[in-house]
Amino acid sequence: MPTSSKAVASSPIYRGPLPHITTVERLPVTVYDQPGDASRAVAREIADLVTQRAAAGKQTVLGLATGSTPVGVYDELIRLHREEGVTFKTVVTFNLDEYWPMPTDALQSYHRFMREHLFDHLDIPAESIHIPDGTLAREKIPAACAAYEEKIREAGGIDLQILGIGRTGHIGFNEPGSTVESRTRLITLDSVTRSDAASDFFGEWNVPTQAITMGMGTILGARKILLIALGEHKSKVIKEMTEGPMTPRVPASWLQEHADATVLVDAAAGKDLTASVTPWALGNIEWTDMLIKRAVIWLCEKTNKAFLKLDDQDFRDHNLHQLLRHHGPAQKIANRVFQWMMQTIEYHPAGTEAKRVICFSPHPDDDVISMGGTLIRLVEDGHETHIAYMTSGNIAVFDHDAARVADFATEYNRMFGIENERSRAVLAAVLESLRNKQPGQSDIEETLKIKGLIRWSEAKFGAFKAGCKEEHLHFLDLPFYRTGTIAKKPISDDDVQIIYDLIKKVDPHQIYVAGDLSDPHGTHRVCAQAIFRAVKRIEAEGGKVPDTLLYRGAWQEYELHDIEIAVPLSPGDLARKRKAIFMHESQKDEALFPGSDPREFWQRAEDRNKGTADRYNRVGLPEYYAMEAFVRWNGVPI
Ligand code: F6R
């Protein structure tokens, strides 16, 4: 359920609903607990509109988007069609954009995306579907764009336009600088957009530099607009587009001028909205413990003061009179928060009695990157420390690394006289296919296996550096990931069963789960979902539910107010952790999917762990060298 346009509800990060408050947003924003809630709401709105208009004998013209955001909406539309008999025969569609140049059948083509994610599963007549054509010769594009506009006009204009948003603030591919009047045209993609698309193309260098997109004017001409944003990586741009000025620097901000545009976000994408960050600045609120903690930490950061140095005037100067009145004086409130935060510091996260723990690592290196110091501590504390590698991570291995290993294996076999026909054939096929591989093409099965093996052996040696034993390492290779492409299969009972079996076998007291609300390819979220499903099943069967702690992947750290357990690390711990990360050679120096952060993974990890310790220190807590942070799972499946 949405919490209202003005509140952020509970989630693995946000504990307890924030109060209903007035808003500073210049556009209606609805914040949903979970991405699935937002997707279902949009799908329902589309289905209702289509059904109502069909009943009145009218067609419905939909403007459609691609990318990771609308996938949940499309899945729900398919479900509504299959299970509730909603028909889409009266629908006419216009897609926002297509890369140029782009063959219609290429893995990355939006034509293919729409077929696979939606059109193949609904009853929309083929002749009612329109998508810009990425195969056109350059000189034919202007006329084709004008014809596209004409078709939209002939169809009576767009009734409902679905939008995602890029981190540049683009809608469609209208990059910063696009004017409000712009119409369908060829556009040059921003470098941020190309880097975000890198994973779909197996490397940024393969991403086309141009695309054909509906213009800002075309989009704003729609009668109703729903913009969806999911995940933390969208939170900054969502704040800018909804609370900032209308500016060509953030094309989506022009939606503020539209008469019927709504923004739907999940809690992660809504986290930077004023309503989430400083709700007390917007009106009367009820001061829960969580809000008190957030407000006081925020005040320390604003005033650059430690908890125990805050005084009444600091509260008054920063709009916190109410808090002071209800819970003051300052020293009383500050001392409460100080005590809460002191209690988060935990040198022995699984206690000092020998226990069994499992760290679930979505990719083969998340364990050491995100909690390598804690793994070292768990082993030192005498716990039986298991690591379960959930996916092979094979798509993130460079072709040249796979070729090098295949070449090594060939020479090795020859040197020791252990060649046989089968190994010769496999290795030759791998080397041959890598030599002839076209940009953006996926790998043959044997190459994927070699890439997976590279990561498996790196994972083992990384875990050894942390002190783990080989018999405690589990390479789950979950089926949902085994597509060889960025697009993954949905989580299935088979994935959950594998995790369930492992938990039953190891019978852990504590487990660690990557609890990211957003990672670039969504793998962390999917892995967490599968683990939570397995734990819920164990709970339903009356089994022992392990203490479940969440950690963040390589991208972000938890906010100070969210942290429930902070494990202090010494310079020696951090140096050992770095060596463990170094074992992941295929991801070192240059990663295939580095994201927008130019630092290597070990650098990110160190900056982040030192940064957490520094943040603790700045609010007047003990001064540690580095810290790894965790929150406790609140038992709600995501
Ligand atoms: C897609 C489109 C783009 C995306 C945006 C967000 O047709 O026009 O504006 O909506 O780049 O992409 P995702 O959803 O992948 O984050």
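Residues numbered from 1 in each chain as written. Predicted model: local features only at pLDDT ≥ 70, side-chain atom pairs only at ≥ 80, totals over all residues. Heavy atoms only, no water.

Enquirer: Before we move on, can you summarise the overall build of the chain with the specific residues and values?
Expert: In terms of helices and strands, the chain carries 20 helices and 17 strands. Taken against the 2.2 N^0.38 rule, which gives 26 Å for 638 residues, the C-alpha radius of gyration of the chain at 26 Å falls within 12% of a compact globule. Across its three principal directions, the C-alpha atoms of the chain cover 85 × 70 × 45 Å. The buried share among the 638 residues of the chain stands at 58%. Just so you have it, the chain exposes about 26,100 Å², and 52% of that area is on carbon and sulfur atoms. With 74 positive and 89 negative side-chain charges, the chain shows a separation of 2 Å between the mean positions of the two kinds. (Helix = DSSP H or I, 4+ residues; strand = E, 2+ residues; numbered from the N terminus. Rg over C-alpha atoms; globule rule 2.2 N^0.38 Å. Buried < 20%, exposed > 50% of the residue type's maximum accessible area, 1.4 Å probe, protein only. Areas by Shrake-Rupley, 256 points an atom, 1.4 Å probe, with all protein chains shown as cover. Lys, Arg positive; Asp, Glu negative; His and termini not counted. Charge placed at Lys NZ, Arg CZ, Asp CG, Glu CD.)

Enquirer: Provide a residue-level description of the nonpolar core, including the pertinent values.
Expert: If you look at the biggest cluster of nonpolar residues, it comprises 64 residues, and the most contacted ones within it are F307, F315, F360 and I499. In terms of residues, this core owes the most to one element, helix 18 (residues 523-540), which gives nine residues. There are two domains that each give this core at least three residues, and those are domain 2 (278-342) and domain 3 (356-395 + 454-632). In this structure F360 touches A388, M390, L476, I499, L502, I503, I511, Y512, A514, I531 and Y551, once residues within four positions along its chain are discounted. Listed in part, the 41 residues of the second largest apolar core include L62, V73, F113 and F201. (Core = buried A, V, L, I, M, F, W, Y, C linked by side-chain atoms within 4.5 Å. Domains from an automatic or database assignment. Contact = heavy atoms within 4.5 Å.)

Enquirer: Tell me about the site of the ligand, and please be specific about residues and values.
Expert: Near the ligand there are 13 residues, and of these T69, D97, H170, G172 and K234 occur at the shortest range. Interatomic distance of 2.7 Å between a side-chain N/O atom of T66 and an oxygen atom of the ligand. Within the side chain of T69, an N or O atom sits 2.3 Å from an oxygen atom of the ligand. (Near = heavy atom within 4 Å. Polar contact = N/O pair within 3.5 Å; in protein donor to acceptor, adjacent residues only side chain to side chain.)

Enquirer: Break down the pairing of strand 16 (residues 565-569) for me, with residues and values.
Expert: Consecutive side chains of a regular strand alternate in pointing toward one face of the sheet and then the other. Counting buried positions along strand 16 gives five out of five residues, so the element sits mostly inside the fold. Residue alternation in strand 16 divides its side chains into two sets, I565, V567 and L569 and A566 and P568, and both sets are buried. Examined bridge by bridge, strand 16 and strand 17 (residues 626-632) share five bridges and lie antiparallel to one another. Looking across to strand 17, one finds that L569 is bridged to A626. (Pairing = 2+ DSSP bridges.)

Enquirer: Report on the packing of helix 13 (residues 366-380) against helix 19 (residues 571-582), specifying residues and quantitative values.
Expert: Two quantities define a packed helix pair, namely the angle between the helix axes and the distance between the axes. One way to put it is that helix 13 packs onto helix 19 with a least axis distance of 9 Å and a crossing angle of 120 degrees. The orientation of helix 13 relative to helix 19 falls into the category oblique. As for the relative orientation of helix 13 and helix 19, their crossing is right-handed in sense. Contacts between helix 13 and helix 19 involve V368, I369, S370, M371, G372, G373, I376, R377 and E380 from the former and D573, R576, K577, A580 and I581 from the latter. The residue makeup of the contact of helix 13 with helix 19, split by class, is six nonpolar, three polar and five charged. (Axes fitted to C-alpha atoms, helices over the stretch in contact; angles between N-to-C directions. Parallel < 35°, antiparallel > 145°, perpendicular 65-115°, else oblique. Left-handed = near helix turned anticlockwise from the far one by under 90°. Nonpolar A, V, L, I, M, F, W, Y, C, P; charged D, E, K, R; others polar.)

Enquirer: Explain the pattern of salt bridges to me, and be specific about the residues and the numbers.
Expert: Inspection of every chain in the model, using the stated rule, returns 51 salt bridges. Across the salt bridge formed by R40 and D37, the nearest N and O atoms sit 2.9 Å from each other. Placement of the pair is R40 and D37 together in helix 1 (residues 35-55), with a separation of three residues, close to one helical turn. Put simply, R44 and E84 hold a salt bridge, and the shortest N to O gap is 3.1 Å. Here R44 is found in helix 1, whereas its partner E84 is found in helix 2 (residues 71-84), with 40 residues between them in sequence. The structure contains a network of salt bridges with shared partners spanning R44, D48, E76, R79, E83 and E84. (Salt bridge = Lys/Arg side-chain N within 4 Å of Asp/Glu carboxyl O.)

Enquirer: Explain the sheet that holds strand 6 (residues 160-163) to me, using residue names and the numbers behind them.
Expert: Hydrogen bonds between backbone atoms are what pair the strands of a sheet, whose relative direction is either parallel or antiparallel. Spatially, 1-10-9-6-2-3-5 is the arrangement adopted by the seven strands of the open sheet, whose pairing is parallel. In the strand order of this sheet, the two ends are held by strand 1 (29-32) and strand 5 (129-130), each with one partner. Those strands touched by helix 4 (residues 141-154) are strand 3 (91-95) and strand 5, and its axis lies near 150 degrees from that of strand 3. Contacting strand 1, strand 9 (224-229) and strand 10 (261-266), helix 7 (residues 235-243) runs over the sheet at an angle of about 155 degrees to strand 10.

Enquirer: Please provide a residue-by-residue account of the packing of helix 19 against helix 20 (residues 601-618), values included.
Expert: Relative orientation of the contacting elements helix 19 and helix 20 amounts to 155 degrees, with a least axis distance of 10 Å. Judged on the interaxial angle alone, helix 20 and helix 19 are roughly antiparallel. Crossing hand, helix 19 versus helix 20: right-handed. Counting all contacts with helix 19, which are made through L574, K577, R578, I581 and F582, the residues of helix 20 involved are W602, A605, E606, N609 and K610.

Enquirer: If you had to explain a nonpolar patch on the surface to someone new, which residues and values would you point to?
Expert: On the surface, F408, Y412, M415, F416 and I418 cluster together into a nonpolar patch covering about 600 Å² of accessible area. Within the fold, M415 resides in helix 14 (residues 399-415). (Patch = residues over 30% accessible without salt bridge, like charges linked within 9 Å, V, L, I, M, F, W, Y side chains within 5 Å.)

Enquirer: Can you lay out the domain arrangement of the chain for me, pointing to particular residues and giving the numbers?
Expert: Domain parsing of the chain yields domain 1 (2-11 + 25-275), domain 2 (278-342) and domain 3 (356-395 + 454-632). For domain 1 and domain 2, the distance between their C-alpha centroids amounts to 41 Å.

Enquirer: Let's hear about helix 4: which residues, and what values?
Expert: Between its terminal C-alpha atoms helix 4 stretches 20 Å, which fits the 20 Å expected from 14 residues at 1.5 Å a residue. Within the span of helix 4, buried status applies to I141, C145, Y148, E149 and I152. For helix 4, the buried positions fall inside an angular range of 95 degrees around the axis, keeping them on one side. Away from its buried face by more than 90 degrees, helix 4 exposes A143, R153 and E154. Buried residues belonging to helix 4 abut strand 3, strand 4 (97-100), strand 5, strand 7 (185-188), strand 8 (210-213) and helix 6 (216-220). Phi turns positive, to about 95 degrees, at G156, one or two residues after helix 4. (Expected span 1.5 Å × (residues − 1). Arc of directions from axis to C-beta.)

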